Amino acid sequence: MSKLPKVTGPDMRGVMSYPPTPALPGAERVDAVDTVDLAETERMIRTLIADGVDAIALNGTLGECATLTLKEWQDFAGCVAETVRDVNPDFPVFIGTTTLNTRDTVSRMKFLAELGITGTLLGRPMWGNMVAPVMERFYRDVAEAVPELAIVVYDNTAAFGGIIPRSVYKTLIELPQVVAVKYAGGASVGFRYHNDMAHTGKHFPLMPIETDWLPAWEMYGEELVGMAWSSTTACGPAPVLALRDALRDNRIEDAKWLTERLRWAHEPFLVGQDFMEFAKYNIPLEKIRVNEADYIHVGKCRPPYTEDLVPEKHVQDTKDHIARYKQVIDQVAERFGKTHTTRS
């Protein structure tokens, strides 16, 4: 009998946190080696779990999967696996294995399976744009090669050169390994989202970003959009978790207030102003905002996507965004008593 993942699509509920990969001083250097801050990695995982996130996904774009050496990626994954085993062996963690080809991805997936990791956050090879039949074969091949590993499909229209065609979703629902899709931001209640969900239904959630969660929830309900993804949780998860709780408790007015506050905090951030411009600098801008928030210390970006090449206006707008988010954190604590761990 074939092995199957420990989780299924219907199990995916709550908030999936997307934090960066912490870096040691000097990680921005071309000659740097062993750049992962494993002590901060352990603290990050323990803190996010203790503060109440429902799942963690690592080594996507923000997680610098593309700029870690193989040894760094393995050391990071090993640290995460050891920490989760100690805290809660059943806690769902998904680690990125996106590479430029199927064989390297399968090799990394097998490594994660041996560590006992729940699953992988998986985009697709991006050297050339994949047409639908190639995309379908890719996901079938990796699922069959490592059947015990759950897959969160990483949908990033900028990084992977376009959307996931609707026909591919017909294939994904046939694979029990696929348990969620990190859906591209900004389209959670648009026609594409609606039409894609017509194919996926209750098989697994098309996860919206937290600022789009309420309208998606109101339109489709918890059964279809019971989980959202959030990199903002790496700046402190309390406001996003308060939104989760309000939705679960059907406190819609509170959910509306929280969504408005989160969107207000994001107004200065480039992602909502010009997504294609943001995509040019997303890795350093995300790291800048996480470090500015001071919930996790994630260090510098690894080359070539380093902070020194980001336009100063984008940097300042990001800091303005975090200044607003800190205000929202205080407002949430005052209104709901919802707090999270702060750095000592």
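Since this is a predicted model, take the numbers as computed values, not measurements.

The rules behind these values
- Residues numbered from 1 in each chain as written.
- Predicted model: local features only at pLDDT ≥ 70, side-chain atom pairs only at ≥ 80, totals over all residues.
- Heavy atoms only, no water.
- Helix = DSSP H or I, 4+ residues; strand = E, 2+ residues; numbered from the N terminus.
- Buried < 20%, exposed > 50% of the residue type's maximum accessible area, 1.4 Å probe, protein only.
- Contact = heavy atoms within 4.5 Å.
- Areas by Shrake-Rupley, 256 points an atom, 1.4 Å probe, with all protein chains shown as cover.
- Lys, Arg positive; Asp, Glu negative; His and termini not counted.
- Charge placed at Lys NZ, Arg CZ, Asp CG, Glu CD.
- 1 Å grid on protein atoms, 1.4 Å probe; cavity = no way out; pocket = protein on both sides within 12 Å on 5 of 7 lines; lining within 4 Å.
- Points joined across faces, edges and corners; volume = space filled by probe spheres on them.
- Nonpolar A, V, L, I, M, F, W, Y, C, P; charged D, E, K, R; others polar.
- Core = buried A, V, L, I, M, F, W, Y, C linked by side-chain atoms within 4.5 Å.
- Pairing = 2+ DSSP bridges.
- Right-handed = clockwise from strand over helix to strand, strands pointing away.
- Polar contact = N/O pair within 3.5 Å; in protein donor to acceptor, adjacent residues only side chain to side chain.
- Expected span 1.5 Å × (residues − 1).
- Arc of directions from axis to C-beta.
- Axes fitted to C-alpha atoms, helices over the stretch in contact; angles between N-to-C directions.
- Parallel < 35°, antiparallel > 145°, perpendicular 65-115°, else oblique.
- Left-handed = near helix turned anticlockwise from the far one by under 90°.
- Disulfide = S-S within 2.5 Å.

Enquirer: What's the story with the overall build of the protein chain in this structure? I'm lost.
Expert: Of regular secondary structure, the protein chain possesses twelve helices and eight strands. Along the longest, intermediate and shortest principal axes, the C-alpha atoms of the protein chain span 55 × 50 × 40 Å. When burial is assessed residue by residue, the protein chain has 57% of its 344 residues classed as buried. Contacts in the protein chain between residues far apart in sequence, at least 24 positions, make up 75% of those at least 6 positions apart. Of the accessible surface of the protein chain, which amounts to about 14400 Å², a share of 52% is contributed by carbon and sulfur atoms. Each charge class in the protein chain can be summarised by its mean position, and for the 37 positive and 47 negative side chains these summaries are 3 Å apart.

Enquirer: Can you help me understand the layout of surface pockets in this one?
Expert: Using a probe with the size of a water molecule, rolled over the atoms, empty space left in the structure can be pinpointed. Its boundaries defined by the atoms lining it, the second largest pocket holds a volume of some 160 Å³. Looking at which element gives the most residues to the lining of the second largest pocket, the answer is helix α12 (residues 312–336), with three residues. In terms of residue class, the lining of the second largest pocket is built from four nonpolar, three polar and four charged.

Enquirer: Honestly, the nonpolar core in this entry has me stumped. Any pointers?
Expert: Soluble globular proteins: nonpolar side chains tend toward being buried together. With 78 residues, the main nonpolar core has Ile56, Leu58, Ile95 and Leu172 as its most contacted residues. Discounting chain neighbours no more than four positions away, the residues touching Ile95 are Leu58, Asn59, Trp73, Ala77, Val80, Leu112, Ile117, Gly119, Thr120 and Leu121. In terms of nonpolar packing, the next biggest core, distinct from the first, is built from 18 residues, Ala55, Ala57, Val152 and Trp229 among them.

Enquirer: What's the story with the pairing of strand β1 (residues 14–17) in this structure? I'm lost.
Expert: Across a regular strand the side chains alternate sides, sitting on one face of the sheet and then on the other. Sheet topology note: the β1/strand β8 (residues 227–230) ladder contains four bridges and is parallel. For Gly14, the partnering residue across the bridge sits in β8 and is Met227. Pairing geometry for β1 and strand β2 (residues 55–58), over two bridges, is parallel. Within β2, the position partnered with Met16 by the bridge is Ala55. Each parallel crossover has a hand, and for β1 linked through helix α1 (residues 38–51) to β2 it is right-handed.

Enquirer: When you look at the side chain of His314 in this model, what are you seeing that I'm missing?
Expert: On the secondary structure map, His314 appears in helix α12. When near neighbours in sequence (up to four residues on either side) are disregarded, His314 contacts Leu270, Glu277, Tyr281 and Leu285.

Enquirer: Please explain the environment of Ser230 as it appears in this structure.
Expert: Structurally, Ser230 can be placed in strand β8. The class for Ser230 is buried, based on a relative accessible area of 0%. Taking the C-alpha atoms as reference points, Ser230 and Pro19, separated by 211 residues in sequence, lie 8.6 Å from one another. Contacts of Ser230, omitting those with residues within four sequence positions, involve Val15, Met16, Ser17, Tyr18, Glu210 and Val240. At a separation of 3.3 Å, a polar atom in the side chain of Ser230 contacts the main-chain amide nitrogen of Thr232.

Enquirer: Looking at this model, I keep getting lost on helix α4 (residues 132–145). Mind explaining?
Expert: Owing to its 3.6 residues per turn, the α-helix brings residues three or four apart onto one side. Its 14 residues give α4 an end-to-end C-alpha distance of 20 Å, which sits within 8% of 20 Å, the value for a rise of 1.5 Å per residue. Among the residues making up α4, those that are buried are Ala132, Met135, Phe138, Tyr139, Val142 and Ala143. Projected onto a plane normal to the axis of α4, the buried residues spread over an arc of 125 degrees and lie on a single side. In α4, those exposed residues whose orientation departs by more than 90 degrees from the buried face are Pro133, Arg137 and Glu144.

Enquirer: Got a minute to help me understand the packing of helix α11 (residues 275–293) against α12 in this structure?
Expert: Each packed pair of helices is defined by two parameters, the angle between the axes and the distance between the axes. At a closest axis distance of 9 Å, the pairing of α11 and α12 adopts a crossing angle of 45 degrees. Taken together, the axis directions place α11 and α12 in an arrangement best described as oblique. Helix-helix and strand crossings are classified by hand; for α11 and α12 the assignment is right-handed. Together, Glu277, Tyr281, Leu285, Ile288, Arg289, Glu292 and Ala293 of α11 and His314, Val315, Thr318, Lys319, His321, Ile322 and Lys326 of α12 make up the contact between the two elements. Of the residues contributing to the contact of α11 with α12, the split by class is six nonpolar, three polar and five charged.

Enquirer: Sorry if this is basic, but what is going on with the state of the cysteines here?
Expert: Joining two cysteines, a disulfide is a covalent bond between their sulfur atoms. Following the criterion strictly, the structure yields zero disulfides and no others. Free cysteine: Cys65, not disulfide-bonded; nearest cysteine sulfur from Cys301 at 15 Å. Its relative accessible area of 8% is what places Cys65 among the buried residues. For Cys235, which is in no disulfide, the shortest distance to another cysteine sulfur is to Cys301 and amounts to 13 Å.

The values are spatial; any link to function lies outside them.
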